[in-house]
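Structural overview for review
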Amino acid sequence: MIIDGHITLLPNADVGKIIANMDEAGIKRAVLSPADHEVAVNNFEGNSRVLKVVGKNPDRFYAYATSNPWFGKSSVETLKAAMKSGAVGLKINSSLQGFTLLDPVVYPLVEAVAEAGTFIYAHTGTPVNALPLQLRVLARRYPHVNFIMGRSGRTDFRTDAIPTLQTQKNIFADTAHDYPHTGLANTFNSVGSDQMIFCSDSPYETQKFGVECVKAMTISKDDKDAIFRRNLVGLLVGGGQL
């Protein structure tokens, strides 16, 4: 079974087409994220929209919640409300949300995630706000919280992803926008399959392409299962979602 760790649900997206694309790629389930403007500002609206789609398709989708930490106490309340309604993790994009991953403003949200036992998808690769080595510092502060390193620093900061993964075992690489015999192979050779999670980052990359890239890796069937399913299942189980 394949689970897609990150899809952005754009406004007015055709959910039927998303499911058809998943079926074509052999993906059983996927975690949906609110769109960029909802990640930046319209957090409640974005969370509600994604949760509504998940509620109508519970056998195909999970939901990320998002919350901008600059809203202070209300940001934590927004996150907790979404998790109570079924969100399985927190999506942050510090570049869109106007902070760096080193900024203490995000600590209350991370602590709420820690309390719930869920995980965080953190976008990386956009200077100066969202870099892999910044995520390493945040993950070191919260060793019991798991993080998916969104886009794994691609494109310009991909070389920082490997030392980040090697020093913080609570960070998982995102496979999106990479190739089987170059970047993905380098990640696997550096940290193995246990710190890699399949993410298509659809619609910014096709799900079929992402699946084909992992399948083309010269690794064992068990390693591919870890990337496609097992590692993300472990994060979902940790949050009581399976």
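For clarity, every value in this text was computed on a predicted model and none was experimentally measured. (Residues numbered from 1 in each chain as written. Predicted model: local features only at pLDDT ≥ 70, side-chain atom pairs only at ≥ 80, totals over all residues. Heavy atoms only, no water.)

We now examine the nonpolar core. Counting 59 residues, the largest nonpolar core has F61, I120, L138 and F147 as its most contacted members. Setting aside residues up to four positions removed in sequence, L138 forms contacts with L101, V106, Y107, V110 and F147. Counting residues in each nonpolar core, the second largest holds 15 residues, with Y121, I197, L232 and V233 among its members. (Core = buried A, V, L, I, M, F, W, Y, C linked by side-chain atoms within 4.5 Å. Buried < 20%, exposed > 50% of the residue type's maximum accessible area, 1.4 Å probe, protein only. Contact = heavy atoms within 4.5 Å.)

Further remarks concern the packing of aromatic side chains. Counted by the stated rule, this structure contains 5 aromatic pairs. Between Y64 and F119, the aromatic rings sit 5.9 Å apart at their centres with planes inclined by 75°, giving edge-to-face as the arrangement. In this pair, Y64 sits in strand β3 (residues 61-66) while F119 sits in strand β5 (residues 119-123), placing the two residues 55 residues apart along the sequence. For the residue pair Y64 and F119, the accessibility class agrees, reading buried in each case. Note on Y107 and Y142: the rings are 5.8 Å apart at their centroids and 70° apart in plane angle, and the pair reads as edge-to-face. Here Y107, found in helix α6 (residues 107-116), pairs with Y142, found in the loop between α7 (132-141) and β6 (146-150); they are 35 residues apart in sequence, far enough to count as distant. Among the residues examined, Y107 registers a relative accessible area of 18% and is labelled buried. These aromatic residues form a ring-pair network of at least three members: Y64, F119 and Y121. The cationic tip of R29 hangs over the ring face of Y62; the distance from NZ or CZ to the ring centre is 4.2 Å. (Phe/Tyr/Trp six-rings, centres within 6.5 Å; stacked < 30°, edge-to-face > 60°. Helix = DSSP H or I, 4+ residues; strand = E, 2+ residues; numbered from the N terminus. Lys NZ or Arg CZ within 6 Å of the ring centre and 35° of its normal.)

Time to look at the pairing of strand β1 (residues 2-8). Among the 7 residues in β1, 7 count as buried, and that is most of the element. Pairing analysis gives 5 bridges linking β1 to strand β2 (residues 27-33), with the strands arranged parallel. Note on β2: the bridge partner recorded for D4 is A30. As a crossover connection, the stretch from β1 through helix α1 (residues 15-25) into β2 is right-handed. (Pairing = 2+ DSSP bridges. Right-handed = clockwise from strand over helix to strand, strands pointing away.)

Mapped onto the secondary structure, T218 falls in the loop between α10 (207-215) and α11 (221-238). In this structure, the C-alpha to C-alpha distance between T218 and H181, residues 37 residues apart in sequence, is 8.0 Å.

Looking now at the sheet that holds β5. Strand order in the open sheet formed by 8 strands is β1-β2-β3-β4-β5-β6-β7-β8, with parallel pairing between adjacent strands. For this open sheet the edge positions go to β1 and β8 (196-197), each flanked by a neighbour on one side alone. As defined by bridge partners, strand β7 (residues 171-174) adjoins β8 across 2 bridges and the pair is classed as parallel. Across the sheet, A173 pairs through a bridge with M196, a residue of β8. Against the sheet, α1 makes contact with β1, β2 and β3, and its axis sits at roughly 135° relative to β2, the strand it touches most. α6 rests against β4 (89-92), β5 and β6 of the sheet, and its axis sits at about 145° to β5. (Axes fitted to C-alpha atoms, helices over the stretch in contact; angles between N-to-C directions.)

Moving on to the pattern of salt bridges. Inspection of every chain in the model, using the stated rule, returns 10 salt bridges. For D178, the salt bridge goes to R154, with nearest N and O atoms at 2.9 Å. Of this pair, D178 sits in the loop between β7 and α9 (183-191) while R154 sits in the loop between β6 and α8 (161-167), placing them 24 residues apart in sequence. In terms of burial, D178 and R154 fall into one category: buried. Here the salt bridges do not stand alone but share partners, grouping D222, D225, R229 and R230 into one network. (Salt bridge = Lys/Arg side-chain N within 4 Å of Asp/Glu carboxyl O.)

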